[in-house]
Amino acid sequence: YWTPGHVQNFDDIISVSTGEYHLGFVTKDHAVYTVGLSQDGRLGQSTSADTELPRRVSFDAPNIHIKALSLGSRHSLALTADGAVYAWGHSSAVG
């Protein structure tokens, strides 16, 4: 935990965002990956299980190009290249 380590198989990361108990990153192909505690749906995964390995977030439309990612304590936000915002996680934080 205290020594920095290389995130295997993710050399194409262009940005990183951290929440209270989760983190996410955007890759060169504009995909979003999240990892950490899944409580309140903050990871945007189809499962409520916590994860130690990054998993890709699936969006409701094909060819979503994520430009920016911001994570809060219990929610996550993604900004697309065309200005749309996707939100997931704790309901009072996102809507």
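Residues numbered from 1 in each chain as written. Predicted model: local features only at pLDDT ≥ 70, side-chain atom pairs only at ≥ 80, totals over all residues. Heavy atoms only, no water.

Caption draft 1: Layout of the sheet that holds strand 6 (residues 75–80). Judged by pairing direction, the sheet is antiparallel, and its three strands sit side by side in the order 5-6-7 without closing on themselves. Looking at which strands have only one partner, the edges of the open sheet turn out to be strand 5 (66–71) and strand 7 (85–89). Between one strand and the next, the sheet's axes are offset by a mean angle of 15°, whatever the strand orientation. The sheet contact formed by strand 6 and strand 7 spans five bridges and is antiparallel. Each residue of the ladder has a partner; that of Leu 77, found in strand 7, is Ala 87. (Pairing = 2+ DSSP bridges. Helix = DSSP H or I, 4+ residues; strand = E, 2+ residues; numbered from the N terminus. Axes fitted to C-alpha atoms, helices over the stretch in contact; angles between N-to-C directions.)

Caption draft 2: Inspection of the sheet that holds strand 2 (residues 22–27) at higher detail. Spatial strand order, 1-2-3-4: four strands in an open sheet with antiparallel pairing. Each end of this open sheet is capped by a strand with a single partner; those strands are strand 1 (13–18) and strand 4 (51–56). With strand direction ignored, the average angle separating the axes of adjacent strands in the sheet is 20°. Bridge count between strand 2 and strand 3 (residues 32–36): five bridges; the pairing is antiparallel. Looking across to strand 3, one finds that Phe 25 is bridged to Tyr 33.

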